[in-house]
Amino acid sequence: MFKAFKYGMFAVISATLFFACQQKEQAQKPISQSKENIIKNSVTRNKEVITNEETLISNYIKGNKALEFNNSQLGFKYAYINRRVKDSIRPTLGDTVQYTYEISSIADSIIYTQKEIGNLTYEVDKQDILPILRNGLRMMKAKETIKVVTPSTLAYGYLGDQNKIAKNQPLIFTITLESITKTNF
């Protein structure tokens, strides 16, 4: 009986191996795009985002004729709400500035109020803050307020703030430079 069991098991194993070897499955090739296609798609998508943001910003400025917007060399638009023409002192490397700001959507609805953000201190070009704040503060004088319309690339970019600000959202910053404390080098 043991021999019969042994031969039976051998027959089952042989049949399994025989049929397993007969089924030749083709390995699936991974679905992928070439690097060139990925780069082309990314460039196309980024161009669309930039064009959409530029259109939104342009429409906002056309609809706000009460303010005189200037073009910055860095790609944002700004208008003075409170300007100090006689004062000539602007912050430079290492100066400490006190400032406040609020953030609005391009539809002029407030996203973060100045009260929510609070009063902030920044050591010019020695701390990391949003590019739009860094560049906006550098061009201001104490007690000035500007309204800045910025593309998402200078604010929260392709991630947003993962709370109230969406990805690739152009924004409006109303920035007030409260004071400048000059460094003594």
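Cut-offs and rules
- Residues numbered from 1 in each chain as written.
- Predicted model: local features only at pLDDT ≥ 70, side-chain atom pairs only at ≥ 80, totals over all residues.
- Heavy atoms only, no water.
- Core = buried A, V, L, I, M, F, W, Y, C linked by side-chain atoms within 4.5 Å.
- Buried < 20%, exposed > 50% of the residue type's maximum accessible area, 1.4 Å probe, protein only.
- Helix = DSSP H or I, 4+ residues; strand = E, 2+ residues; numbered from the N terminus.
- 1 Å grid on protein atoms, 1.4 Å probe; cavity = no way out; pocket = protein on both sides within 12 Å on 5 of 7 lines; lining within 4 Å.
- Points joined across faces, edges and corners; volume = space filled by probe spheres on them.
- Nonpolar A, V, L, I, M, F, W, Y, C, P; charged D, E, K, R; others polar.
- Pairing = 2+ DSSP bridges.
- Contact = heavy atoms within 4.5 Å.
- Phe/Tyr/Trp six-rings, centres within 6.5 Å; stacked < 30°, edge-to-face > 60°.
- Lys NZ or Arg CZ within 6 Å of the ring centre and 35° of its normal.

Our next topic: the nonpolar core. Counting residues in hydrophobic clusters, the biggest one holds 29 residues, and the most contacted among them are Y99, L133, L137, F173 and I175. Among the elements of the structure, β2 (77–82), β3 (96–105), β4 (110–112), α4 (131–138), β6 (144–150) and β7 (171–181) are those that each provide at least two residues to this core. Ranked by size, the runner-up nonpolar core spans 7 residues in total, among them F69, A79, I106 and I172.

Before going further, it helps to spend a moment on the layout of surface pockets. Quantified by volume, the largest pocket comes out at close to 220 Å³. Every residue lining the largest pocket is listed: R45, N46, V49, I50, S152, T153, G157, Y158, K167 and N168. Of the residues belonging to the lining of the largest pocket, the class tally is 3 nonpolar, 5 polar and 2 charged. As a volume, the second largest pocket reaches approximately 160 Å³. Across the lining of the second largest pocket, the residue classes break down as 3 nonpolar, 3 polar and 3 charged.

With that settled, the discussion passes to the pairing of β6. The element β6 is largely enclosed, with a buried count of 7 among its 7 residues. Bridging between β2 and β6 involves 5 bridges; their strand directions are antiparallel. From the neighbouring strand, Y78 faces β6, where its bridge partner is V148. Two elements, β6 and β7, share 7 bridges in a ladder whose sense is antiparallel.

Within the secondary structure, S104 sits in strand β3. Using a relative accessible area of 5% as the deciding quantity, one classes S104 as buried. If sequence neighbours within four positions are ignored, S104 has contacts with S109, I110, I111, L171 and I172.

What follows concerns the packing of aromatic side chains. Considering all chains together, one arrives at 5 aromatic pairs under this definition. Summarising the aromatic geometry, the rings of Y60 and F69 are spaced 6.3 Å apart at their centres and angled 75° between planes, so their arrangement reads as edge-to-face. Here F69 falls in the buried class, since its relative accessible area comes to 16%. Relative to Y78, the ring of F76 lies with its centre 6.1 Å away and its plane at 55°, an arrangement referred to as tilted. Across the pair, exposure class does not vary: F76 and Y78 are buried alike. Members of the aromatic cluster, connected to one another through ring pairs, are F76, Y78 and Y80. The ring of Y80 has R83 sitting right over it, with the charged end atom 4.3 Å from the ring centre.

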